[in-house]
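# Per-entry structural report
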Amino acid sequence: MIDKDAHINGTWGQWLTDRAIRTVLWLLLALPYRWRVPLCGWVMARIVAPLAGWPKRIRDNLALTLPDLPADQIDHMVARVPENIGRTVIEIYSGAEFIARTTELPLTGDGVAALEAAHQAGQPVILATGHFGNYDAVRAALIARGYSLGALYRPMSNPWFNDHYVQAIGTIGQPIFERGRAGMGQMLKHLRGGGMLGILPDQRMHKGVKLTFFGQEALTALSAADMALKYDAMLIPTYAIRQPDGLSFQIIVDPPIQPSTPEEMTQALNDNLERLIRKYPEQWFWIHRRWKP
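### Focus on the environment of M205
Position of M205 among the secondary structure elements: in the loop between β5 (196-199) and β6 (209-213). When its relative accessible area of 23% is taken as the criterion, M205 is described as partly exposed. Residues M205 and R290 lie 85 residues apart in sequence; the distance between their C-alpha atoms is 8.7 Å. Every residue in contact with M205, bar those within four places of it in the chain, is listed here: R154, R179, L219 and A221.

Written as structure tokens, this is what we have:
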């Protein structure tokens with residue numbers, strides 16, 4: 001039965017959808033890791049993406065931002081973007097097996113020294129990443145090194161799916177903070193205490209400001225830069241780039257964004273992520289309605 005007291009805003013359709021998702025996850029998790037990850041990528045690309053209308057959204061976003069992209073590369077992106085999303089989903093649900101593959105990953109990039117210095121000094125740090133590669137690989141790798149890294153998440157609209165999703169991301173590391181008044185209060189306390197915070201500012205925010213991303217206006221939240229300035233925190237872009245084997249990652253830590261205005265700092269984050277996406281375009285979540293007015 002549906003527990004309406006536990007999930008008063010849920011619907012029968014959401015409950016049935018979650019049952020289907022749980023079944024697929026259960027079947028995939030019964031397989032060896034090296035099989036389940038590419039298989040989930042295949043399922044997402046060949047079954048889920050067409051049903052969800054993702055191919056059209058990817059094509060529309062590419063037509064807007066990369067209009068000169070050849071047709072064969074567009075077709076490649078339509079297949080590979082949802083495949084990366086599928087791999088990311090099952091990796092997050094793989095818990096200890098996923099964590100074990102990230103703990104020994106070296107930190108690379110010109111920002112590593114600044115990050116390590118902040119860690120030693122107990123200085124607050126905001127790690128800005130994007131829906132790129134597998135963003136939780138960064139969190140798992142740093143937590144394994146003893147970094148006090150929390151993460152802000154947005155609850156899923158399906159309350160039954162949200163239950164096990166929050167459990168899965170919480171298994172990778174704690175603390176995690178739900179977007180909202182209570183979660184924000186806990187997050188700011190963590191940051192003021194010298195903790196680190198992972199945040200993904202690459203989605204459209206209705207109350208954001210108009211900045212540029214791939215040459216187009218994109219509503220962008222200034223919260224990461226605002227918090228960095230208010231709490232004297234370093235603002236450091238960091239990413240996990242999926243490697244050609246499809247299972248491993250390169251952790252990149254870029255130099256800190258220099259303090260200025262929130263708008264300038266956030267535009268620097270957009271530019272930083274854009275440079276990386278242009279190099280590895282199939283690893284970003286092009287299904288986002290990033291440039292919606």
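### Describing the nonpolar core
One broad rule of soluble globular proteins: the nonpolar side chains tend to lie buried together. Counting residues in hydrophobic clusters, the biggest one holds 68 residues, and the most contacted among them are L115 and W286. Per element, the largest residue contribution to this core is eight residues, and it comes from helix α4 (residues 71-93). When sequence neighbours within four positions are dropped, the list of residues in contact with W286 reads R57, I58, N61, L62, T65, L66, M77, V81, F214, I277, P281 and W291. Of all hydrophobic cores here, the second largest spans 19 residues; its members include M187, L197, A225 and M227.

### Brief notes about the confidence of the model for the chain
Summing up the model confidence of the chain, the mean pLDDT is 93 and the portion of residues at 70 or higher is 97%. Ignoring residues within four places in sequence, the model shows residues 1-6, a span with pLDDT below 50, making six contacts including any to other chains.

### What about the sheet that holds strand β3 (residues 149-153)?
Sheets are built from strands paired through backbone hydrogen bonds, the pairs being either parallel or antiparallel. Across the sheet, which stays open at both edges, the seven strands sit in the order β1-β9-β8-β2-β5-β3-β4 with mixed pairing between neighbours. In this open sheet, the two edge strands, each paired with only one partner strand, are β1 (107-108) and β4 (176-178). With three bridges joining them, β3 and β5 adopt parallel strand pairing. Across the sheet, L149 pairs through a bridge with M196, a residue of β5. Of the strands in this sheet, β2 (125-128) and β8 (234-242) touch helix α11 (residues 262-279), which is tilted by about 15 degrees from β8.

### Remarks on unusual backbone geometry
Omega for the peptide link from Q174 to P175 comes to 0 degrees, which places this bond in the cis form. You can see P175 is positioned in the loop between α8 (159-172) and β4. Backbone geometry places F214, a non-glycine residue, at a positive phi of 55 degrees. Along the chain, F214 turns up in the loop between β6 and β7 (216-220). A positive phi is found at D232, a non-glycine position, where the angle reads about 55 degrees. By relative accessible area, which is 58% here, D232 ends up exposed.

What counts, and at which threshold
Residue positions within a chain follow its written sequence, with the count starting from 1. Residue-level local features of this predicted model are given only where pLDDT is at least 70; pairs of side-chain atoms are given and counted only at 80 or more, and the full residue set underlies all totals for whole chains, interfaces and linings. Side-chain metrics in this entry use all non-hydrogen atoms of the structure; hydrogen atoms and water are not considered. Counting from the N terminus, the helices are the DSSP runs of H or I reaching at least four residues and the strands are the DSSP runs of E reaching at least two. When accessible area is computed with a 1.4 Å probe and restricted to protein chains, residues below 20% of their type maximum are described as buried, those above 50% as exposed, and intermediate ones as partly exposed. The criterion used for residue contact is that any of the two residues' heavy atoms lie within 4.5 Å. Here, nonpolar core means buried Ala, Val, Leu, Ile, Met, Phe, Trp, Tyr and Cys residues that are tied together by side-chain atoms lying within 4.5 Å of each other. Per residue, pLDDT measures the predictor's confidence, with a range of 0 to 100. Two strands qualify as a pair provided that DSSP identifies no fewer than 2 bridges between them. For helices, the fitted line uses only the C-alpha atoms of the stretch in contact; every axis is such a line through C-alpha atoms, and the angle between N-to-C directions lies from 0 to 180 degrees.

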